[in-house]
Amino acid sequence: MSRVQQIEIAPDEAGQRLDRWFRNRFPHVGQGRIEKMCRKGELRLDGARVKTSTRIEAGQIVRVPPLPDPESEPPRQERSGVSEADARMIRETVIYRDDHLIAINKPAGLPTQGGSKQTRHVDGLAEALRFGLDEKPRLVHRLDKDTSGVLLLARTRAMAGALTEAFRARDTRKIYWAAVAGVPAPQMGTIRFGLVKAGGHGAGGEGEKMRCVHPREVDATPGAKRATTDYAVLSGLGGRVSWVALVPVTGRTHQLRAHMAEIGHPIVGDGKYGGSGQENLGDGWGAGLGGALSRKLHLHARSLSLTHPVTGSRLVLTAPLPEHMERTWEMLDWRAADVPADPFEEQDG
């Protein structure tokens, strides 16, 4: 056991969180022990009680209580079962990171969470997104497996609660981009069909999907929930396909896909709701455009804005298109610079 130490913060150590500085100095001491020392007032900064998140400055004195010898501490086990390749991949998707939250651009085809036959997913790969913290980032919302785009993770338990409440209180705003069959009319509108689960095929319910219910029938339909989607056409191409922005006012399972299919304009590549094998000749009834366009789902969570629970500032996160959608956009000569970031903004004001 060591003695009490008084350690001066060096200039090149300034600006760090206290717990990060401590772990760099004493790597054998876990985050839980550091938090306990702060709670009990054993770990102090310039003689005052301190939090683990406090930023340290050059010249300050850290009082470090007696610590166990490194040799007496059991080796800390590596908890991440993530391969180096997967760890590199998921880290490359990070589009924003601070001490409290992380935002990634989720790849299309990667599930958010595990399930039947799903062993590789964001929740598991989040082990590689600790970036120095002991806690694994926590999911606070989801995206469908085949939907790409902004996905938010909380870096602490407290932040997970704050972000979950922000989503529940609708303090977040999500804008999706999609390519859809045909051109919706009017070019800006609101879809209000309710949604209810429709059973799938097979013993495990494979192929389960949502069925739209007319707003007048929602209350009388067991299990149905009200759902609202705002849409705006950003660009059309000869009546055969259009680029739309979508805002899920409510957050139901498969809401955007089911709603667009219900009004006759399924999302391109949506085999579940649009019938990807159906040819679309301009009337909007088939989600398959054929030719050189990808058969993958063309739905992308383009942006997410929210009030940061700690700083109070408005945070706007934007994710670049996935490769298959980028190719489609280039082929159709659609450019992000030509459309407003939020086409609903003027209407909302």
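Just so we're clear, the structure is a prediction, and the values are computed from it rather than from any experiment.

A. Just the environment of valine 140, in detail. As for its placement among the helices and strands, valine 140 is situated in the loop between strand 7 (138-139) and strand 8 (148-154). Sequence spacing of valine 140 and glycine 161 is 21 residues, and the spatial spacing of their C-alpha atoms is 8.3 Å. Each residue touching valine 140, except ones within four places of it in the same chain, is listed here: Leu152, Ala154, Ala160, Leu163, Thr164 and Phe167.

B. Here's a closer look at helix 1 (residues 18-25). With 6 of its 8 residues buried, helix 1 lies for the most part within the structure. Taken together, the buried positions of helix 1 are occupied by Leu18, Asp19, Arg20, Trp21, Phe22 and Arg23.

C. Structural view of the sheet that holds strand 4 (residues 61-64). With respect to topology, 4 strands assemble into an open sheet ordered 1-4-2-3, the strand pairing being antiparallel. Every other strand in the sheet has two partners, leaving strand 1 (5-8) and strand 3 (48-49) as the edge strands with one partner each. Where strand 2 (residues 44-45) and strand 4 come together, 2 bridges link them in antiparallel fashion. Along strand 4, the bridge assignment pairs leucine 45 with valine 62.

D. Inspection of the environment of proline 186 at higher detail. Following the sequence through the fold, proline 186 ends up in the loop between strand 9 (173-181) and strand 10 (188-191). Owing to a relative accessible area of 55%, proline 186 belongs among the exposed residues under this scheme. When the C-alpha atoms of proline 186 and valine 233 are compared, they prove to be 8.7 Å apart, with 47 residues separating the residues in sequence.

E. Representation of the pairing of strand 6 (residues 101-106) in the model. Within strand 6, 6 of the 6 residues are buried, which leaves the element mostly enclosed by the surrounding structure. The antiparallel pairing of strand 5 (residues 94-97) with strand 6 creates a hairpin that spans 3 residues between the two strands. Two strands pair when backbone bridges link them, and strand 6 and strand 8 are joined in this way by 6 bridges, in the antiparallel orientation. Following the sheet pairing, lysine 106 is matched in strand 8 by glycine 149.

F. Structural context of the pairing of strand 10. Taking every second residue as pointing to the same face, the buried face of strand 10 carries Gly189 and Ile191, while none of Met188 and Thr190 on the other face is buried. Sheet topology places strand 10 next to strand 13 (residues 229-237); 4 bridges connect them, and they run antiparallel. For methionine 188, the partnering residue across the bridge sits in strand 13 and is alanine 232.

G. Geometry of the UniProt feature "active site" (unreviewed entry) in the protein chain. According to UniProt, the feature "active site" (unreviewed entry) maps to Asp144 in the numbering used here. With respect to the helices, strands and loops of the structure, aspartate 144 is situated in the loop between strand 7 and strand 8. Residue classification places aspartate 144 among the partly exposed residues on the basis of a relative accessible area of 25%. Ignoring anything within four residues of it in the chain, the contact list for aspartate 144 reads Lys106, His254 and Arg257.

H. Representation of the nonpolar core in the model. Core analysis: the largest hydrophobic core is formed by 29 residues, its most contacted members being Ile104, Leu246 and Leu299. Among the elements that make up this core, the one with the highest residue count is strand 9 (3 residues). Composition of this core by domain shows at least three residues from each of domain 2 (84-169) and domain 3 (175-332).

I. Molecular detail of helix 5 (residues 157-168). A rise of 1.5 Å per residue sets the reference length of helix 5, with its 12 residues, at 16 Å; its end C-alpha atoms lie 17 Å apart and thus fit the reference within 8%. Among the residues of helix 5, Met159, Ala160, Leu163, Ala166 and Phe167 are the ones counted as buried. Projected down its long axis, helix 5 carries its buried residues within an arc of 125°, all on one side. Away from the buried face of helix 5 by more than 90 degrees, exposed residues Arg157, Ala158 and Arg168 are located. Elements in contact with the buried residues of helix 5: strand 6, strand 7, strand 8, strand 9 and strand 15 (299-307).

J. Representation of the packing of aromatic side chains. The full count for this structure, using the stated rule, is 6 aromatic pairs. Between the aromatic rings of tryptophan 21 and phenylalanine 22, the centroid separation amounts to 6.3 Å while the plane-to-plane angle is 70°, which identifies the pairing as edge-to-face. Of the two residues, tryptophan 21 and phenylalanine 22, neither departs from the other in class, the shared state being buried. Phenylalanine 22 gets classed as buried once you look at its relative accessible area, which sits at 0%. One aromatic cluster is present, built from ring pairs that chain together Trp177, Trp243, Trp329 and Trp334. Against the face of phenylalanine 131 rests arginine 97, its NZ or CZ located 3.9 Å from the ring centre. Lysine 209 extends its terminal NZ or CZ atom over the ring of tyrosine 273, reaching a point 5.0 Å from the ring centre.

Calculation notes
- Residues numbered from 1 in each chain as written.
- Predicted model: local features only at pLDDT ≥ 70, side-chain atom pairs only at ≥ 80, totals over all residues.
- Heavy atoms only, no water.
- Helix = DSSP H or I, 4+ residues; strand = E, 2+ residues; numbered from the N terminus.
- Contact = heavy atoms within 4.5 Å.
- Buried < 20%, exposed > 50% of the residue type's maximum accessible area, 1.4 Å probe, protein only.
- Pairing = 2+ DSSP bridges.
- UniProt positions renumbered as here; feature names shortened; annotations may be inferred.
- Core = buried A, V, L, I, M, F, W, Y, C linked by side-chain atoms within 4.5 Å.
- Domains from an automatic or database assignment.
- Expected span 1.5 Å × (residues − 1).
- Arc of directions from axis to C-beta.
- Phe/Tyr/Trp six-rings, centres within 6.5 Å; stacked < 30°, edge-to-face > 60°.
- Lys NZ or Arg CZ within 6 Å of the ring centre and 35° of its normal.

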